[in-house]
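# A closer look at the structure
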Amino acid sequence: SGCRVARGCRKRRRNVVQSAMFSVRQALKLRPAILCRVRFNASHAGQIGTIGIIGSSGAVGQEMLQCLEKRAFPAARTRLFARRAAGEKVMTRHGEVTVEPFSVEAAQECDIVLMAVSGGFSKEFSPKIVGGPKQTVVVDNSSAFRYEKHVPLVIPEINGAQIPSAQLIANPNCTTAVGAMALWPLHQKYRLKKVIMSTYQAASGAGAEGMAELEKGIEAHVKEGKVPPPEIFAHQLPFNVIPQIDAFQENGYTKEEMKVSWELAKIFGLTPNVKVSCTAVRVPTLRAHSEAITIETELPVSVDEARDLLRKSVGVEVVDDQGKLMYPMPLNAAFKDAVEVGRIRQSIVFGERGLDFFVCGDQLLRGAALNAVIIAEEVVKAKAGAIGVPPLIGITPWEVHKFGGASLADAKLYETCSKLLIDESSRNGATPTAAIVSAMKGMTDKLIGVVEMATSQGEKAAKAELDSAVASQCDVVKELLKGHDAVAEEIMASIGKDHQNIEALLRSLALLKVAPNTLMEYVAGMGEIWSAQIMCGYLKTQGVPTAWINARDVLIVEAKDTALGAKGGATDMKMDPIYDITQAKLDNWWQTKGAAVHKGTPILVITGFVASTPTGVPTTLKRSGSDFSATIFAQLLRASRVTLWKNVDGVFSADPGVVHDALPVSAMSYDEAIELAYFGGQVLHPSAMAPCMDMNMPLFVRNVFNPSFPGTIINRSGFVETDDSAGVSMDVPLTASLGPVKAVTAINKIAMVDIEGGSWASVSQVAARTMLALNDAGLKVVLVTQASSEHSISVAVDEAQGRHAAQVVQNAFELEIARGQVSGVRHAEGYSMLTII
């Protein structure tokens, strides 16, 4: 259509183009959609009374209605709301329906409402619609709530497990939804590391007005030889492409491009180290978006395996036959429920850990209307299958509290912490509360000692140590639950079974003379499992709706086979939660096992420290990891805040055990807290900040023995803000400003490894070789110093790894040392590192 044609041919060309445009318009209205494989089966999932569409006269609203009709949505009645179309008659399978003017009261008469409106309208009215007499659920197609931490962003085939627990659900951006359908199966099997996407987005992404401007521009070009000035797009779209969709951001990307990055991270539960980049381009097609995608994966991926995997994936159609010139195209993908994927090939950039492929999908269906309707279908299933089960994530947000071992040293302290939880849960009327608990004080060390004793002193000595540890735990049960024999006996019977399981392992340990990391972590985590049952048991005796969760059943992490680490050690034991799998397991627990906490004001007790790998192997978040457990579950529960209960009045300006006039710090930023934790501040776990930063969720550090003191607030700004009150009296004087220095901290037991470079290379070359060698060996460097004039560097590592680190560096420079080009590698222990934050 962009070819120059002689003037004498214009009339014939105009007739052809007008005929083609009529065909396109008719197709937009009349062509039936191909139903995808997740089509709702009404006979198995019940029926609701009424579904409503707000904004029913717009392009997306009309598509929603067509999807409801074609999929025989299980509702007895459909109601349509639109301002401009109010009073018009629309024929539906329920008969003729009159379009109504919108009101909150009318919308709340629907069981489910689909919002096909602007973000501003939805922001104002969606929160007012949810709930009400019919517990109305809102599915919002706008961007108003996509990035709100309390609102799930859902593609049902990917993270549909979040649907039953929500009353307000966000529909993703159309570009995100189309690409996600192809990316998700690959991520599940091969784990995404990088995603690079270029999109070619149809005019319909700008609504009916965008399609009309494209059609009129082509028609004008045919009739008059020129295209009129654009009104909807920034530039002429006919015979052109526009590499800008939405407003530019500070980083040079457009908002449309950043939506893909933000939304994939939220829907997939990606960790921050997975990077997503997008370039969004508007192209002169009417319908269906196209995307060229390159991925790098953690695991090797073959083209044939990927093709087979995608063929078996719901909502995906593989169109990939080079011999027949078959590949995805928007002309063919339009009106299909499934997205087309093809041109699948090994990436020449990322090699065996990379793929390139092309995706096309109807953004008005998969990227908007269809996705919303499938969400609604899943809501109906949830309502039918879980009558009376409240959503896990309700209108009132959860609060999360974590209790460390020092707060759980004896029966009296278990009682104190439990009563504190009851008070906190009733502070604002009725707040759903989760408690993350560590093992009883000293229990983890005792259990580690049992394993070490079995390998060094034999089975008999280890059994005696185990008997002593179990007896001390049971003594707490008997004292705390005195007069509640049935509850106490149930808990002690459970501890007894664990006792027997550990005993069964001791013989093997005594014979092997070595303890595998997985076995050590299995035994070391028993203290938290016992602790959670004890607190839950006491809360039951107080009439509190409560239940306990063994985090090994729900929390799934990607973990290396590493040791537990030293408590407060310098080595960074990084564990990455797999949020999508964990969220699904938590939601399933709530639906199937959480009946005890479905009524009243629940207190959910969850084990800290422990987790499982994707293959079900018991693991832990390493020593001092219960803080991380607390913030992980806070993110999963979309909590409004996290409180870490310690035995001190917050985060101090220095270790009060060393500096007696150290002061509590009233507020810190996330970055300051991370630095403090990383460089030896044992009051915090280094990884615990990440979930809080992702959710912009305040974290409090308070004293279980002085609960009226506000403690330390850790947030984005680093200041106490008006809405940051922990619910304590704010007339308690907060610590005065400490000036530019917030805290001074130290790490003891540091080893230094010195590499004297000589003349063969620059400092950067010596540093690069050193850091690569240490990284490959799994050794964490906590500090690097350089002496440029000598081409030498020194690295600080945890003392326990010092000799190993020196040997690794020695091996890396073996040839240069033999030639005299590197003077040598020296290792020294007994250092401490002082850090000013």
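If you're wondering where the values come from, they're calculated on a predicted model, not measured in any experiment.

## Structural notes on the nonpolar core
- Core analysis: the biggest nonpolar cluster contains 105 residues, and V400, F403, M535, L604, L684, L699 and I714 have the highest contact counts within it.
- Counting residues per element, this core draws most heavily on helix α18 (residues 526-541), which supplies nine residues.
- If we skip the residues at most four places from it in the chain, I714 touches M668, S669, Y670, A673, L684, M689, M697, P698, L699 and V701.
- Judged by nonpolar contacts, the second largest core, of 52 residues, contains L153, A180, L264 and V341.

## A closer look at helix α9 (residues 255-268)
- The end-to-end C-alpha distance of α9 is 20 Å, a good match for the 20 Å that 14 residues give at a rise of 1.5 Å each.
- Summarising burial for α9: 10 of the 14 residues are buried, a large majority.
- Buried positions along α9 lie against α6 (156-159), α7 (174-190), β8 (192-201), β9 (275-282) and α19 (579-593).
- Two residues or fewer after α9 comes G269, characterised by a positive phi angle close to 70 degrees.

## Quick look at the sheet that holds strand β11 (residues 316-318)
- With respect to topology, six strands assemble into an open sheet ordered β9-β8-β10-β13-β12-β11, the strand pairing being mixed. Every other strand in the sheet has two partners, leaving β9 and β11 as the edge strands with one partner each. Averaged over all neighbouring strand pairs, the angle between strand axes comes to 25 degrees, with direction disregarded.
- Sheet topology note: the β8/β9 ladder contains eight bridges and is parallel. Counted as the bridge partner of S198 is T279 from β9.

## Some remarks on the pattern of salt bridges
- Here the structure, examined in full by the defined rule, presents 36 salt bridges.
- In this structure, the salt-bridge partner of D246 is K259, at a minimum N-O distance of 3.5 Å. Of this pair, D246 sits in the loop between α8 (208-224) and α9 while K259 sits in helix α9, and the two are 13 residues apart along the sequence.
- Of the residues examined, K259 reaches a relative accessible area of 9% and is grouped as buried.
- Residues participating in the shared-partner salt-bridge network are E63, R287 and D362.

Analysis parameters
- For every chain, the first residue of the written sequence is number 1, and numbering continues from 1 onward in sequence order.
- Local features in this predicted model are restricted to residues of pLDDT 70 or higher, and side-chain atom pairs are both shown and tallied only at a pLDDT of 80 or more, whereas totals for entire chains, interfaces and linings draw on every residue.
- Just so you know, side-chain values use all the structure's heavy atoms and leave hydrogens and water out.
- Only buried residues count toward a nonpolar core. Its members are Ala, Val, Leu, Ile, Met, Phe, Trp, Tyr and Cys residues joined through side-chain atoms within 4.5 Å.
- Per-residue accessibility, obtained with a 1.4 Å probe over protein chains only, is compared with the maximum for each type, and a residue is labelled buried under 20%, exposed over 50%, and partly exposed between these values.
- Segments assigned H or I by DSSP are reported as helices when at least four residues long, segments assigned E as strands when at least two residues long, and all are numbered from the N terminus.
- What makes two residues a contact is simply this: any of their non-hydrogen atoms within 4.5 Å.
- One less than the number of residues in a helix, times 1.5 Å, gives the span that helix is expected to have.
- Two strands pair under a simple rule: DSSP has to find at least two bridges between them.
- To obtain an axis, a line is fitted to C-alpha atoms, over the contacting stretch when the element is a helix, and the angle between two such axes runs from 0 to 180 degrees between their N-to-C directions.
- The salt bridge definition used is simple: a Lys or Arg side-chain nitrogen within 4 Å of an Asp or Glu carboxyl oxygen.

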